[in-house]
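# Report on the structure
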There are 2 protein chains.
Amino acid sequence: MKKSLGKGTHAMPTPVWLVGSYDMAGKPNLATVAWGGVCSSDPAAVTISLRKSRYSYDAILRRGAFTVNIPSQQFAVAADYAGIASGKNEDKFAQAGLTAVKSDLVDAPYVAEFPLVIECRLLQTVEIGVHTQFIGEIVDVKADESVLDANGLPDPARVLPLIYSPTNRVYYGLGEPVGKGFDIGKQLMK
Amino acid sequence: MKKSLGKGTHAMPTPVWLVGSYDMAGKPNLATVAWGGVCSSDPAAVTISLRKSRYSYDAILRRGAFTVNIPSQQFAVAADYAGIASGKNEDKFAQAGLTAVKSDLVDAPYVAEFPLVIECRLLQTVEIGVHTQFIGEIVDVKADESVLDANGLPDPARVLPLIYSPTNRVYYGLGEPVGKGFDIGKQLMK
């Protein structure tokens, strides 16, 4: 017998992604989101949700672009800061000691220090109550060589992404490998 | 200098959620998704993406409901199986040794054995290339008492959710706590 907890957003895991954009004056900004995920394979696309009050909201709409910057565990403080402060009043890149690099593909900046970044062209927006969903087509993924595996792809054990739990507001690290996808389940096939 | 990896969905972390639905004949079915996340706080809502070829596609559209079932690490084999097999040919609940419970709130089944389940009413669908995004309003969250913390809310360290990496197709466990959200970043505020 399960206990009913009501309508909260008690889902897990949620990501810790820093969304990069340029404001009207061309100042680079970051907004940390946990409401987001991959939403399509072809076109490869991700979605992030923002409230209209967030400073990044207009920036992304007007520039039609954003980046998703995936911090390593060591950048947890910067990630949390970018979710508390507003780019209206603060230069988040400067305060967090991060470097904004202008993407050569979309009109948005990415974080030089983070191991994995995704450059997105805004495909569409979807209104859902207090949040607007921004769906971005992935134009390119860029990674530090140091986090690539033998296949030249990002290795989670080297990227060490953060995992967020909105319920207790705690950031977690990545745990141990549990099994191989499209593999360990085969034993149950008819 | 970052290396360009092209347009892949190399994002992390992504969730491991088993989507529960009833097919036309009333048979309960499960579909494992990594393309999804929370998308709104009010209404509390989650999104999951499915290809039109998935057996759950029509089921969710016609019943206007689905559940998100969050497996503990111990259910990794069942989670992977439900992502490989098709409900067209197999009774996934039976094959995986799982019990379907009819939700009393929405027209969809949830998994009795999983510690955390989210019951959703379909709010809208969004077409994005090969995937359709299903946005579901959270009608209720239900959890086993054994995974609740002192505040009566799901504790990730007890739920032990799986984390998926689409790039290398590996399931991971949850790691150690890294810090408190809306807290550790305060030290960087101006």
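Residues numbered from 1 in each chain as written. Chains lettered and ligands numbered in written order. Predicted model: local features only at pLDDT ≥ 70, side-chain atom pairs only at ≥ 80, totals over all residues. Heavy atoms only, no water.

Going by what an unreviewed UniProt entry lists, chain A is known as Flavin reductase family protein and is assigned to Geomonas diazotrophica. UniProt, in its Cofactor (unreviewed entry) section for chain A, records the words "FMN". (UniProt positions renumbered as here; feature names shortened; annotations may be inferred.)

A count of helices and strands for chain A gives four helices and 13 strands. Taken against the 2.2 N^0.38 rule, which gives 16 Å for 190 residues, the C-alpha radius of gyration of chain A at 17 Å falls within 12% of a compact globule. Considering only C-alpha atoms, chain A reaches an extent of 60 × 45 × 30 Å along its principal axes. Out of the 190 residues in chain A, the part that is buried amounts to 62%. Within chain A, residue pairs in contact and separated by at least 24 positions form 58% of the contacts whose partners lie at least 6 positions apart. Total accessible area on chain A stands at roughly 6900 Å², and carbon and sulfur atoms take up 49% of it. (Helix = DSSP H or I, 4+ residues; strand = E, 2+ residues; numbered from the N terminus. Rg over C-alpha atoms; globule rule 2.2 N^0.38 Å. Buried < 20%, exposed > 50% of the residue type's maximum accessible area, 1.4 Å probe, protein only. Contact = heavy atoms within 4.5 Å. Areas by Shrake-Rupley, 256 points an atom, 1.4 Å probe, with all protein chains shown as cover.)

On to the relation of the copies chain B and chain A. Mapping chain B onto chain A calls for a rotation angle of 180° and an axial translation of 0.0 Å; the resulting RMSD is 0.0 Å. Look at the turn and shift together and you get a two-fold axis relating the two. Every residue of chain B has its C-alpha some distance from the rotation axis, and the shortest such distance is that of B:Gly175, at 1.9 Å. A share of 100% of the interface residues of chain B reappears at the interface of chain A, consistent with the copies meeting face to face through the same patch. (Least-squares fit on C-alpha atoms with pLDDT ≥ 70 in both.)

What follows concerns the sheet that holds strand β12 (residues 163–165) of chain B. In space, the six strands of this open sheet follow the order β2(A)-β12(A)-β13(A)-β13(B)-β12(B)-β2(B), with antiparallel pairing throughout. For this open sheet the edge positions go to β2 (14–15) of chain A together with β2 (14–15) of chain B, each flanked by a neighbour on one side alone. (Pairing = 2+ DSSP bridges.)

Counting from both sides, the interface comprises 106 residues of chain B and, opposite them, 106 residues of chain A. Counting the surface lost from both chain B and chain A, the interface buries some 8800 Å², and carbon and sulfur atoms represent 64% of this. Counting across the interface, chain B meets chain A through two salt bridges. Put simply, chain B and chain A have 59 residue pairs in polar contact (both at pLDDT 80 or more) between them. Considering each element in turn, the side of chain B that touches chain A owes the most residues, eleven residues, to strand β13 (residues 170–180) of chain B. Here strand β11 (residues 131–143) of chain A runs beside strand β1 (residues 3–4) of chain B; their pairing, made up of two bridges, is antiparallel. Of the residues in β1(B), the one forming a bridge with A:Ala143 is B:Lys3. (Buried area = accessible area lost by both parts, 1.4 Å probe. Salt bridge = Lys/Arg side-chain N within 4 Å of Asp/Glu carboxyl O. Polar contact = N/O pair within 3.5 Å; in protein donor to acceptor, adjacent residues only side chain to side chain.)

Residues and elements named next belong to chain B. For strand β5 (residues 36–41), the buried fraction is high: five of the six residues fall into the buried class. Relative to strand β6 (residues 44–51), β5 runs antiparallel, the two being bridged by five bridges. In the sheet register, Ser40 faces β6, and the bridge partner there is Ala45.

Per the UniProt record, "domain: Flavin reductase like" (unreviewed entry) is annotated on residues 12–153 of chain A. With 15% helix and 46% strand, the stretch residues 12–153 of chain A has end C-alpha atoms that lie 25 Å from each other.

All names here are of chain B. Along the chain, the position of Pro166 falls in the loop between β12 and β13. C-alpha separation for the pair Pro166 and Gly8, spaced 158 residues apart in sequence, amounts to 9.7 Å. Apart from the residues lying within four places of it in its own chain, the contact partners of Pro166 are Thr9, Ala11, Thr14 and Trp35.

Let us now look at unusual backbone geometry. All names here are of chain B. A cis amide bond, omega -5°, links Met12 with the succeeding residue Pro13. Considering the arrangement of structural elements, one finds Pro13 in the loop between β1 and β2. At the junction of Asp42 and Pro43, the peptide bond is cis and its omega measures out at 0° in the coordinates. Here Pro43 lies in the loop between β5 and β6.

Here we take up the confidence of the model for chain A. Looking at chain A as a whole, the pLDDT averages 97, with 100% of positions reaching at least 70. Note on the complex model: pTM 0.97, ipTM 0.97. (pLDDT = per-residue confidence, 0-100.)

Residues and elements named next belong to chain A. Considering all chains together, one arrives at 18 salt bridges over all chains under this definition. A salt bridge links Lys52 to Glu127; the nearest nitrogen and oxygen atoms lie 2.9 Å apart. One end of the pair, Lys52, is in the loop between β6 (44–51) and α1 (56–63); the other, Glu127, is in strand β10 (residues 116–128), and 75 residues separate them in sequence. Each of Asp104, Glu119, Asp140 and Lys142 takes part in one network of salt bridges that share partners.

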